[in-house]
Amino acid sequence: MRLIIFGPPGVGKGTLSARVVQKYGIPHISSGNIIREIVATGDKYASEAKPYLEKGLLVPDRIIIDLIEHRLRQKDCDNGYILDGFPRTVEQARFLAKRLGKNGRQINHVLNLQASEKTIIERLSGRRMCKKCDAIYHLENIPPKVPGKCDQCGGELFQREDDKPETIKKRISVYNEQTKPLIQYYRNKKLIRNIDTNEPLDEIYADVDKALSS
Ligand code: AMP
C-alpha cells in the first residue's frame, strides 16, 4: 500500500501516520522529519534548507525531491509506505507519479485530513515533539504521562520553532497557496478521500480504515 497523508500543518498527519504504521506495518516517511534531521546534523543541504524551515516556507523542490528519492530507494519501501508532508507542490506530485510509473506502481490512496483553521492553530500551538523518536504530543489533547518526557522512549519533548505563532500563520498561507491545489490534482485521479479530524479519534480511525480498504 502506497499512501499519502495530506492536509494543512497541524491537522494531525503525524499522529494519524503513527497509527497507520502500527496497524499496516509500512514505514512512515515524513519529509518534515527528514528536513529537520538534516538541518540538525548539518548534512548535505542543511545550510540551504535551514532558512526555509525557520520561516515556514517550502524548501526548493529539487532539494526535497532528491531527499525523498533517496529515501524511497531504501529496501523497507519495497512493500509500500506512508508519505506525510510530501508531495506539497504539483511539481513534487509529478515527480512521484513519474518515479512510481517507471516500476508500474502508483499511489493507492490520498487521505485528505480536514479541520477548521481555529482547530489547526490550537493543535499547532500545543504540539510538542520528542527529540529522540519524533513522537507527537499535545499539551491538552495528548499529554505525556510525565510532563516534558516522551512516554515511548523517555526523550525530551520540545516545541518546534515553526510551531510558534509568527510562523504558524505563514505556514497556513503557504499551504493554501502552494499545497492546496494538489487536492484537485489527486481528485482528478480519483484518489482523494476526505477525513474530518474534528471527530473523536475512534471515528477518525474507523473512517481511515474504511478508506484504506476500499
Ligand atoms: P512538516 O513537519 O511537514 O510541517 O514540515 C516542516 C517544514 O519542512 C516545512 O514548513 C518546510 O519548510 C519543510 N518541508 C517539509 N516537507 C516539504 C516538502 N514536501 N516540500 C518543501 N518543503 C517541505
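Our structure is the block above this text.
Residues numbered from 1 in each chain as written. Predicted model: local features only at pLDDT ≥ 70, side-chain atom pairs only at ≥ 80, totals over all residues. Heavy atoms only, no water.

Participant: Lay out the sheet that holds strand β4 (residues 109–114) with the relevant residues and their values.
Facilitator: Spatially, β2-β3-β1-β4-β8 is the arrangement adopted by the five strands of the open sheet, whose pairing is parallel. Edge positions in the sheet fall to β2 (28–30) and β8 (192–196), since each has one partner strand and no second. If you compare each strand with its neighbour and ignore which way they point, the axes differ by 25 degrees on average. Bridge analysis of β2 against strand β3 (residues 81–84) gives three bridges, and the strand direction is parallel. (Pairing = 2+ DSSP bridges. Helix = DSSP H or I, 4+ residues; strand = E, 2+ residues; numbered from the N terminus. Axes fitted to C-alpha atoms, helices over the stretch in contact; angles between N-to-C directions.)

Participant: Please set out the packing of aromatic side chains residue by residue, giving values where relevant.
Facilitator: What the rule picks out here adds up to three aromatic pairs. When the centroid spacing of 6.2 Å and the interplanar angle of 50 degrees are considered together, the rings of Phe6 and Tyr175 count as tilted. Of this pair, Phe6 sits in strand β1 (residues 2–6) while Tyr175 sits in helix α7 (residues 165–179); the two residues are 169 residues apart in sequence, bridging distant segments of the chain. There is no split in this pair, since Phe6 and Tyr175 are both buried. Measuring from centroid to centroid gives 4.9 Å for Tyr185 and Tyr186, while their planes differ by 85 degrees, and the two rings are edge-to-face. (Phe/Tyr/Trp six-rings, centres within 6.5 Å; stacked < 30°, edge-to-face > 60°. Buried < 20%, exposed > 50% of the residue type's maximum accessible area, 1.4 Å probe, protein only.)

Participant: Lay out unusual backbone geometry with the relevant residues and their values.
Facilitator: Most peptide bonds take the trans configuration, and most residues that are not glycine carry a negative phi. A cis geometry characterises the amide bond from Phe86 onward to Pro87, with omega recorded as 0 degrees. Examined against the element boundaries, Pro87 turns out to sit in the loop between β3 and α5 (90–102). Unusually for a residue other than glycine, Tyr45 sits at a positive phi of about 80 degrees. In this structure, Tyr45 sits in the loop between α2 (31–41) and α3 (46–55). Look at Tyr45 and you get buried, because its relative accessible area is 16%. Notably, Asp134 is not glycine yet its phi reads approximately 70 degrees, a positive angle.

Participant: Quick rundown of the nonpolar core? Include the residues and the values.
Facilitator: Core analysis: the largest hydrophobic core is formed by 34 residues, its most contacted members being Ile4, Ile29, Ile68, Phe86, Leu96, Val110 and Tyr186. For this core, the secondary-structure elements that each account for two or more residues are β1, α2, α3, α4 (61–72), β3, α5 and α8 (181–188). Counting residues per element, this core draws most heavily on α4, at six residues. Excluding anything up to four places from it in sequence, Val110 contacts Ile4, Phe6, Tyr186, Leu191, Ile192 and Arg193. Counting residues in each nonpolar core, the second largest holds 15 residues, with Ile5, Leu16, Ile195 and Ile204 among its members. (Core = buried A, V, L, I, M, F, W, Y, C linked by side-chain atoms within 4.5 Å. Contact = heavy atoms within 4.5 Å.)

Participant: Give a detailed account of the pairing of β1, specifying residues and quantitative values.
Facilitator: Among the five residues of β1, five are classified as buried, and the element is accordingly described as predominantly covered. Residues Arg2, Ile4 and Phe6 line one face of β1 and the alternating positions Leu3 and Ile5 line the opposite face, and both faces are buried. Summarising the sheet, β1 and β3 pair through four bridges and their orientation is parallel. For Leu3, the partnering residue across the bridge sits in β3 and is Ile82.

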